[in-house]
Structure formats: C-alpha cells, structure tokens
Amino acid sequence: MIVDRFGRRFRNLRVSLTAACNYACTYCVPNGKRLMRARDELSVEELLRGVELLMEVAGIEKLRITGGEPLVTPKFDGFLEGVMGMGLNDVSFTTNGQLLAGKVPLLARCGIERVNVSLDTLHQDRFRQIARGGDLDAVLTGIERCLDAGIRVKLNMVPLKTGNADQVLPMLAYALERGIELRFIELMRMGHLAHSAAFERDFLGMEDILAVIGSHYRYSRTDAAWDSTAVRFDVHSEDEGVVGQFGVIANESEPFCATCTRLRLSADGHLHGCLSSSNRHPIADLLRAPREEAVAGLEHALYGAMADKQSVAFSGGATVMKLIGG
Ligand code: SAM
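Residues numbered from 1 in each chain as written. Predicted model: local features only at pLDDT ≥ 70, side-chain atom pairs only at ≥ 80, totals over all residues. Heavy atoms only, no water.

**A short note on the overall build of the protein**
Of regular secondary structure, the protein possesses 10 helices and 12 strands. For 326 residues, the compact-globule estimate of 2.2 N^0.38 gives 20 Å, and the C-alpha radius of gyration of the protein, at 19 Å, lies within 12% of that figure. Dimensions of the protein, computed from the C-alpha atoms along their principal axes, are close to 60 × 40 × 40 Å. A total accessible area of about 13,800 Å² is found for the protein, and carbon and sulfur atoms account for 50% of it. Side-chain charges of the protein comprise 37 positive and 41 negative groups, with the mean position of each set lying 3 Å from the other. (Helix = DSSP H or I, 4+ residues; strand = E, 2+ residues; numbered from the N terminus. Rg over C-alpha atoms; globule rule 2.2 N^0.38 Å. Areas by Shrake-Rupley, 256 points an atom, 1.4 Å probe, with all protein chains shown as cover. Lys, Arg positive; Asp, Glu negative; His and termini not counted. Charge placed at Lys NZ, Arg CZ, Asp CG, Glu CD.)

**Examining the pairing of strand E10 (residues 262-265)**
Side chains on a regular strand alternate between the two faces of the sheet. Residues Arg262 and Arg264 line one face of E10 and the alternating positions Leu263 and Leu265 line the opposite face, and both faces are buried. Here strand E1 (residues 12-16) runs beside E10; their pairing, made up of four bridges, is parallel. Of the residues in E10, the one forming a bridge with Arg14 is Arg264. (Buried < 20%, exposed > 50% of the residue type's maximum accessible area, 1.4 Å probe, protein only. Pairing = 2+ DSSP bridges.)

**Side note on the packing of helix H1 (residues 44-58) against helix H9 (residues 291-307)**
Across the interface, H1 lies against H9 with an axial gap of 10 Å and an inter-helix angle of 65°. Judged by the angle between their axes, H1 and H9 are roughly perpendicular. Between H1 and H9 the crossing geometry is right-handed. For the pair formed by H1 and H9, the contact residues are Arg49, Glu52, Leu53, Leu54, Glu56, Val57 and Ala58 on the first element and Arg291, Ala294, Val295, Leu298, Glu299 and Leu302 on the second. The class makeup of the residues in the contact of H1 with H9 is eight nonpolar, no polar and five charged. (Axes fitted to C-alpha atoms, helices over the stretch in contact; angles between N-to-C directions. Parallel < 35°, antiparallel > 145°, perpendicular 65-115°, else oblique. Left-handed = near helix turned anticlockwise from the far one by under 90°. Contact = heavy atoms within 4.5 Å. Nonpolar A, V, L, I, M, F, W, Y, C, P; charged D, E, K, R; others polar.)

**Things to note about the pattern of salt bridges**
Applying the stated rule across the entire model yields 21 salt bridges. Linking Asp77 and Lys103 is a salt bridge whose minimum nitrogen-to-oxygen distance equals 2.7 Å. Within this pair, whereas Asp77 is found in helix H2 (residues 75-84), its partner Lys103 is found in the loop between strand E3 (90-95) and helix H3 (104-110), the two being separated by 26 residues in sequence. Between Glu81 and Arg109 there is a salt bridge, with the nearest N and O atoms lying 3.6 Å from each other. Remark: Arg109 occurs in helix H3 and Glu81 occurs in helix H2; sequence separation between them is 28 residues. Ionic contacts of the salt-bridge type, sharing partners, join the residues Arg9, Arg11 and Glu61 into one network. (Salt bridge = Lys/Arg side-chain N within 4 Å of Asp/Glu carboxyl O.)

**Looking at the site of the ligand**
Neighbouring the ligand are 18 residues, the closest being Tyr27, Gly68, Thr94, Ser118 and Met188. Between a nitrogen atom of the ligand and a main-chain N or O atom of Gly68, the distance comes to 2.7 Å. Ser118 places a side-chain nitrogen or oxygen 2.6 Å from an oxygen atom of the ligand. In the complex, the protein chains occlude 93% of the 550 Å² of accessible area that the ligand would expose alone. Classifying every residue of the shell around the ligand gives eight nonpolar, eight polar and two charged. (Near = heavy atom within 4 Å. Polar contact = N/O pair within 3.5 Å; in protein donor to acceptor, adjacent residues only side chain to side chain.)

**Concerning the packing of aromatic side chains**
Evaluated as defined, the whole model comprises seven aromatic pairs. Taking the centre distance of 5.5 Å and the plane angle of 90° together, the rings of Tyr219 and Phe233 count as edge-to-face. A residue pair is termed long-range when its members are at least 10 positions apart, and Tyr219 in strand E7 (residues 218-222) and Phe233 in strand E8 (residues 231-236) qualify at 14 residues. The class of Tyr219 is partly exposed, set by a relative accessible area of 29%. Measuring from ring centre to ring centre gives 5.0 Å for Phe233 and Phe246, while their planes differ by 15°; the resulting arrangement is stacked. Residue Phe233 is located in strand E8, and its partner Phe246 is located in strand E9 (residues 242-249); the two are separated by 13 residues in the primary sequence. Taken individually, Phe233 and Phe246 each receive the classification buried, so the pair is uniform in this respect. Three or more aromatic residues joined by ring pairs make a cluster, and in this case those are Phe184, Tyr219, Phe233 and Phe246. (Phe/Tyr/Trp six-rings, centres within 6.5 Å; stacked < 30°, edge-to-face > 60°.)

**Observations regarding the pairing of E9**
Pairing of strand E6 (residues 181-185) with E9 involves four bridges; the strand directions are parallel. Looking across to E9, one finds that Phe184 is bridged to Val248. Two strands pair when backbone bridges link them, and E8 and E9 are joined in this way by six bridges, in the antiparallel orientation. Bridging across to E9, His236 finds its partner in Val242. The antiparallel hairpin formed by E8 and E9 contains five residues in its connecting segment, where Glu240 sits at a positive phi of about 80°.

Structure, rendered in structure tokens:
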C-alpha cells in the first residue's frame, strides 16, 4: 500500500462512469454546451476490473459513483450491481437528481443506503439559469422517493454570490425538515474558473455562509471523520436540542489537502490523485492486461497520483470537474 510522507494513503475512490451530463452548470461548464460521452470511455467490465484492482493495490475501502451525470449512462445499473458485491465498506453515488426517481427500485434492490444529490436552488427560474437544463420538480420528486424508500439523502449546494446566495436559508430549512444533511461546497478554482474574475465575483466562503445561517439558526461545530472534506455543524432548537446537521466543504477557507485520501478514476481510464493538479495517469490499457502486468502498472500510476497531491491547500487547476466528477 502506498503511504506518503504526510501519512496519506488512498482509501476513497470516485469513479466517473461518463463525462456526459444532462446539465451544463454555469460554474462547471464554460460555454453552456451539454457534455457528450467521450469516444473512448471504459466499459462496465473494465470499470469493475479497475475497482477490484484498486481495492487490492491501493487499499480502496469506499466508493462513490459519479460523472458527468452517472444516471444518464446505461452503464450505471450494471456497474452498481457489480460493485455492490465486491465487499467495499461503503458505496454511494452523486447525481444531479434529474433521473433519480426512476432509479429508486434499483437502488433499493441493490441495498444502496445513501445518495448525494446536487441541488443549488429551490427556485424554478434560478434552477434553469444555473443548471442550463433539467427540471427542478424532477429532482425534488427523486429526493422524496429516496426518502420514502429509506435511502438517506445528502444535498450538495454550491453557493454563488451572484446566483443563489439567497437560497442558503431556504435550502437549509428544506433539508432540516426532511432529516437531510446539506453540504455547502465552496466554489472551486477549476477549469474555466481557475484564473477568472468570475471566481472572485461568485465565491461565497464559509464565514459568509455561517453568518447567513447564524442570522436564523443557532449552530455549533461538531465532529467529522478525520479524512472528511466537510466541516460539520449541529443545528440547535430553542431548547438546545440538536435538530439536524449541515456541513461546509471549505476548500478555500479550511483546506483539507493534508488528510485527503481520495483517488479518482475518470470515465476514459485516467487516475487523478488531486483535483488541483492537471496530471493524470492513464490506466485503460492496464485494465485489459494480464493480472501481473496490471498490478505492476497500477502501482507505478498510484505513486504518480500520490505525488500529485497538494501538501497544504487547494490552489486550483485546469482540470474540469465534469470530467472527474468532484
Ligand atoms: N452530475 C453529478 C452531480 O451533479 O452530483 C456528479 C458530477 S458533478 C461535477 C459533482 C459535483 O461537483 C456537483 O455537486 C457540482 O455542483 C460540483 N461542482 C462542479 N464544478 C464545481 C466547482 N467549480 N466548484 C465547486 N463544486 C463544483
């Protein structure tokens, strides 16, 4: 197993099933073009072999399925069924929720316990402006169906100063009412935002988010797993009881690079050790190679991916989130 000088090792794997997405969020996609499937995306069999080998060689314990949008590809069902039988400690996925309602029977059958849904606003028009696609009601229906089926939901919201800052309180109220943990993701300097005035214009940091929440709720900081990316808070009622939690993924305000255990596999077969690095390590050919060759090649790629990790803070990079799935 590879451990670096900060004691970091790979524990969490994010697998992007496809680069295609049915949204074109303003902060993720620069020109509003819907994302298409890459020409050379890995098959379900190759993806599953990748997971199996990375469990063995890198020590992967937890898996998050992502994209693009993982629910737009027919690979989702077969991949989910395959990974659920691999003995991982935790399997979840992240989705924009547009196609979620129709997948709930499959999720229940596979025993998925938790889903992360990305939702930036509860306001119809604003939703269309930010996502540049999709329908808000479809997402809300998907969330309700999951909750009805006993599947826990976490919500991810990227607060933007000029886009949805007024939605911080409505989104938190919506989440608390349903026992959902809402995570505010600080805008990341990725892709077209890496060196752009748009980042400075739209960035809303943890301090500002907490000030808005503090105007309406009493909260206190609470525990998070040692390698969690989120700073977590309890929300208190008048009589001091805890009525729920929320979190802030504070890439900028409180970077978590020093404890990062994440590894990403892109849909076209590249390993990424760090969102902030443009380096990527091709492994598609290894996934078709005999076992001994695959293991040796993966070890080499993993050393490279580990060396890409930042030591202190996320500094941003040209890599586009849609390609590796956040
Ligand atoms: N389509 C899936 C979804 O919506 O969850 C998975 C892929 S999406 C790229 C994963 C997450 O990355 C979403 O929550 C999205 O809001 C977030 N994201 C994309 N670009 C971002 C950026 N520049 N800063 C912060 N979060 C970003």
